[in-house]
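Observations on the three-dimensional arrangement
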Amino acid sequence: MLFQSTRGSYRKLTSAEVITQGLAEDGGLFVPEGFPDLSMNDLLNIVSKPYCERAAFVMSLFLSDFSFDEIISFTREAYSTPGFDDPAIAPLYRLEKNTHLLELWHGPTSAFKDMALQMLPRLLKASVCKTNEKRDVCVLVATSGDTGKAALEGFRDVSGTKIMVFYPEEGVSDVQKFQMTSQDGSNVNVVAVKGNFDDTQTGVKAIFSDMFTRSELDKRNWLLSSANSINWGRLVPQIAYYVSAYCDLVANGEINLGDKINFCVPTGNFGNILAAYYAERMGLPIGCLICASNRNDVLAQFIKTGVYDKNRPFYTTSSPSMDILVSSNLERLLFELSGRDGACVAGYMSALSNEGVYNISDKALSELSRVFAGGMCSEEDTKRTISETFYNHNYLLDTHTAVAVKVLKDFRAETNDNTLSVVVSTASPFKFCDSVLEALGYSASDGCFELVDKLAEVTRCKIPGPLVELRDKALRFPDSVNIEGMKGAVFEFLGR
Ligand SMILES: *Cc1c(COP(=O)(O)O)cnc(C)c1O
């Protein structure tokens, strides 16, 4: 299996090369040259297997330059207790008939980013080796909150690497912020950026595309790499949990092998739901992928109209990991929608950066509508959904997952499509205590750890272990920079 750029340069690379390189030289993202087939027989073979074996099987279909033994040794390390507090790793919870939650937040940082970021450092280290890369790896991350912490945990003390995380000063929750600024490890750094997530992401992208910076880093023996979901090594582990969820439903007798199911995914940068689309293209029986947006509903609008328009106000919401106007991974979907036409994708991307808007063809829109539906959930509805779900089902949702639960409900009311649906649950509610408490009707003006205790007390839900340990940590990284200062901060941190 080889990989190519979404913007048309025809050079094909191995997975080790694309994982090492991160972004294609023409500015595009790497995509597989085709989709491997996932047969019903394959599914049957892994139904009774544990998560790490299912995941290794799915990933091995794409990572053909890695041996199966290599991949399974990584999944066994990445997806194990006590790092994950549930032996199922990605368990399904049956909320009601036909509605299940896929809980992806049992890992070390209590958000779904762990599913990818426990794997990526292992894949990257092995890829650097396979490609005979002699430089050390400098991982730069722009985060809307959860990626940063998960990447820090994944790369902490990994030899031959340093990791630097930038987060928007306003726009991550208190728990998220302290999770990052108290990070352990000798090769880590965390800096706040005066701006929102898009500013932060643009700042990191600018460092990546600046040839002068790259050659300066090269002279100092650093290879620049990314842990953001533009890296193929982040995306491939995410395909696995869609397949695994399907296997669980078969194993539990909820569906028969071959039945179609829907997934509803709370979406920001479009990585998570794109992985579901890849699973569908491989042959996983999926009816509809429902893309759930918060008030920043640029994606839901795009799916409805085929027009992507980022010229709109940016809102800071209670689901900050979805506060995004430019979803990087959408480029990979555009590549498929346009019939793998790199020039066409390059055109959309330049329209996006010049005018902030592009409009896909009718043909592309019809492939989009074949699989995707989109919906938006307001701040008020997010709160109402958290409280209704808690008081009616005794299940505590985080703000992001609540957006998806509501969007699924609206989708069903609109379409009468009552296919069994899996809502992808992306974070523990304890990462967003203030919003969750307010939704349940409590005041939330105390400090962040008082709120964690209060939420546990009023809901009788268990605080995830890593968040319990957090309160004994000290602040290590208090610094902030403006956007112009980001590059300087990188050089200062690398120190050579
Ligand atoms: C990152 C994140 C999302 C959005 O995922 P994308 O892959 O960026 O679409 C949703 N919810 C939570 C809790 C997240 O951390």
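Residues numbered from 1 in each chain as written. Predicted model: local features only at pLDDT ≥ 70, side-chain atom pairs only at ≥ 80, totals over all residues. Heavy atoms only, no water.

1. Some words on the pairing of strand E10 (residues 286–293)
Stated formally: Burial classes: relative accessible area under 20% of the type maximum marks a residue as buried, over 50% as exposed, and values in between as partly exposed (1.4 Å probe, protein chains only). Numbering of helices and strands runs from the N terminus; a helix is a DSSP stretch of H or I covering at least four residues, while a strand is a stretch of E covering at least two. Note on handedness: a crossover is taken as right-handed if, strands pointing away from the viewer, the path from the first strand over the helix to the second is clockwise. In this scheme, strands are said to pair when DSSP sees at least two bridges between them.
Burial analysis of E10 places seven of its eight residues in the buried class, which makes it a mostly covered element. After leaving strand E9 (residues 261–266), the chain enters helix H12 (residues 271–282) and then returns to the sheet as E10, a path that is right-handed. The pairing of E10 with strand E13 (residues 372–376) spans five bridges and is parallel. Opposite serine 293, over in E13, you have methionine 376 as the bridge partner.

2. Observations concerning empty space enclosed by the protein
Rule in force here: Residues are said to line a cavity or pocket when one of their atoms sits within 4 Å of a point; the points come from a 1 Å grid over protein atoms alone, cavities being sets where a 1.4 Å probe fits but cannot get out and pockets being open sets with protein on both sides within 12 Å along at least five of seven lines. Grid points are joined across faces, edges and corners, and a volume is the space filled by probe spheres set on the points. Note that Gly is not counted as nonpolar here; it falls among the polar residues with everything else outside the nonpolar set of Ala, Val, Leu, Ile, Met, Phe, Trp, Tyr, Cys and Pro and the charged set of Asp, Glu, Lys and Arg.
Scanning the entire structure with this criterion turns up five cavities of 30 Å³ or more. Its volume calculated, the largest cavity comes out at about 280 Å³. For the largest cavity, the lining is made up of 27 residues, of which Phe112, Lys113, Gly268, Asn269 and Ser321 are closest to its centre. Secondary structure elements with two or more residues in the lining of the largest cavity: helix H7 (146–155), helix H9 (197–209), helix H11 (232–251) and H12. Considering each element in turn, the lining of the largest cavity owes the most residues, three residues, to H12. Taken together, the residues that form the lining of the largest cavity break down as nine nonpolar, 15 polar and three charged. One number sums up the size of the second largest cavity: a volume of about 100 Å³.

3. As for the nonpolar core
Taken as a class, soluble globular proteins show a tendency for nonpolar side chains to be buried jointly. Here is the rule we go by: Among the buried residues, those of types Ala, Val, Leu, Ile, Met, Phe, Trp, Tyr and Cys that are joined through side-chain atoms within 4.5 Å form a nonpolar core. Every residue pair with non-hydrogen atoms within 4.5 Å of one another is taken to be in contact.
Trp232, Phe263 and Tyr358 are the most contacted members of the largest nonpolar core, which totals 115 residues. With 13 residues, the top contributor of residues to this core is H11. Dropping the residues within four chain positions of it, tryptophan 232 is found in contact with Phe3, Val18, Ile19, Phe30, Pro32, Phe62, Leu63, Ile239, Tyr278 and Arg332. Counting residues in hydrophobic clusters, the runner-up holds 41 residues, among them Cys377, Ala404, Ala456 and Ile463.

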